[in-house]
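Examining the three-dimensional arrangement
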Amino acid sequence: MEIVNTVEKLIDIAVRERAAGKTIGMVPTMGALHEGHISLIRRAHEENDVVFCSIFVNPVQFNNAEDLAKYPRTLEADVQLIGDLADYVFAPTVEEVFPVAPTEVYDFGTVANVMEGAARPGHFNGVGVIVRRLLEWVRPHKAYFGEKDYQQIAVIREMCTQCRIFAEIVPCPIVREPNGLAMSSRNRRLSVHEFETSANIHRILEESKQFDNVQEIKRFVETEIAKIPEFQLDYFELADAQTLLTADTLDNPHGVMGFITVYVGPVRLIDNVKYR
Ligand code: PAF
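Residues numbered from 1 in each chain as written. Predicted model: local features only at pLDDT ≥ 70, side-chain atom pairs only at ≥ 80, totals over all residues. Heavy atoms only, no water.

Direction vectors running N to C along helix α10 (residues 192–207) and helix α11 (residues 214–226) enclose 155°, while the axes themselves pass 9 Å from each other. The angle between the axes of α10 and α11 places the two elements in the roughly antiparallel class. Once α10 is placed against α11, the crossing between them reads as right-handed. Only Phe 220, Val 221, Glu 224 and Ile 225 of α11 make contact with α10, whose side of the interface consists of Ile 204, Leu 205 and Glu 207. For the contact of α10 with α11, the residue count by class is five nonpolar, no polar and two charged. (Axes fitted to C-alpha atoms, helices over the stretch in contact; angles between N-to-C directions. Helix = DSSP H or I, 4+ residues; strand = E, 2+ residues; numbered from the N terminus. Parallel < 35°, antiparallel > 145°, perpendicular 65-115°, else oblique. Left-handed = near helix turned anticlockwise from the far one by under 90°. Contact = heavy atoms within 4.5 Å. Nonpolar A, V, L, I, M, F, W, Y, C, P; charged D, E, K, R; others polar.)

Let us look at the site of the ligand. Around the ligand, the neighbouring residues are Pro 28, Thr 29, Met 30, Asn 58, Gln 61, Ile 130, Val 131, Phe 145 and Gln 152. In this structure, Gln 152 approaches the ligand through a side-chain N or O atom, which is 2.7 Å from an oxygen atom. Relative to its free-state accessible area of 290 Å², the ligand is covered by the protein chains to the extent of 88%. Put simply, the parts of the chain that give the shell around the ligand at least two residues each are β2 (24–29) and α8 (123–138). Looking at the shell around the ligand residue by residue, the class counts come to five nonpolar, four polar and no charged. (Near = heavy atom within 4 Å. Polar contact = N/O pair within 3.5 Å; in protein donor to acceptor, adjacent residues only side chain to side chain. Areas by Shrake-Rupley, 256 points an atom, 1.4 Å probe, with all protein chains shown as cover.)

Attention now moves to the environment of Phe 195. Structurally, Phe 195 is set in helix α10. It is 9.8 Å that separates the C-alpha atoms of Phe 195 and Glu 177, two residues lying 18 residues apart in sequence.

Let us look at the nonpolar core. Core analysis: the largest hydrophobic core is formed by 47 residues, its most contacted members being Phe 52, Val 131, Leu 135, Ile 156, Met 159, Ile 169 and Phe 259. Examining the composition of this core, we find that nine residues originate from one element, α8, more than from any other. Apart from the residues lying within four places of it in its own chain, the contact partners of Leu 135 are Pro 140, Ala 143, Met 159, Cys 160, Ile 165 and Ile 169. Formed by 24 residues, the second largest nonpolar core is a distinct cluster that contains Leu 190, Val 221, Val 273 and Tyr 275. (Core = buried A, V, L, I, M, F, W, Y, C linked by side-chain atoms within 4.5 Å. Buried < 20%, exposed > 50% of the residue type's maximum accessible area, 1.4 Å probe, protein only.)

Further remarks concern the sheet that holds β2. With respect to topology, six strands assemble into an open sheet ordered β1-β4-β3-β2-β5-β6, the strand pairing being parallel. Across the chains shown, the open sheet's two edge strands, defined by having one partner strand only, are β1 (2–4) and β6 (168–172). For this sheet, the mean inter-axis angle between neighbouring strands, taken without regard to orientation, is 25°. Sheet topology note: the β2/strand β5 (residues 142–146) ladder contains two bridges and is parallel. Bridge pairing in β5 links Gly 25 to Lys 142. Strand contacts of α8: β2, β3 (50–55), β4 (88–90), β5 and β6, with the helix running at about 155° to β2, the strand carrying the most contacts. (Pairing = 2+ DSSP bridges.)

Given below as structure tokens:
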């Protein structure tokens, strides 16, 4: 595996690999890698001739300065973890990616305005800014993203449609800790007790599948989350799995998903569940 620090070199390598007829898979990350990321990289490795993984803590997608400052940066350990699953790790500085502050303003429509979009203004614009650059520089055949950030995948698909980017966007299943908590780089900020308690998020979502209407599911999840003193519910929404518009019924041709965001102390955790 080769570490690449400049955009110019990244493009050179990607052009050369494409010209040699290789299929290219890409896994964009912000580092602090865990088994969830590795599952994406492994899949990219299985499905492509060449794999690029990027490790870049993208400042423009953080709408909270403290969150950005506290985001774990563990490049050496990340590179060890990736091993030979990727051929190239792109690990640039902020100045390399953004020689001047980016000014792009996108309108990704509903999928970017609800839930995480409403709770974190500017977040999805920042995701669009960086993912567009990465996909245009590498021009992968396939790009892999985890379904924990289900809404992010919808936004990235919309960005690709709007910007005429033809990479296939490959959604990959959530990887969970043995206790059920969705893997996230943020989990490192939880105390041992908070980590154990946070397993209740997944448990409650799973148990909510016993109900067969939206109102009962909402009432159950909100009540159960409120019983746990360490939890502060940010939102729990049931939404159409494709449009992400609020679902009033489970009878929906696209399927219905539940999306939850919970603060455990200062750490904001997200998860989701498929009902139909
Ligand atoms: O999901 C993430 O880690 C980030 O949002 C991404 C897609 C790497 C863009 O910075």
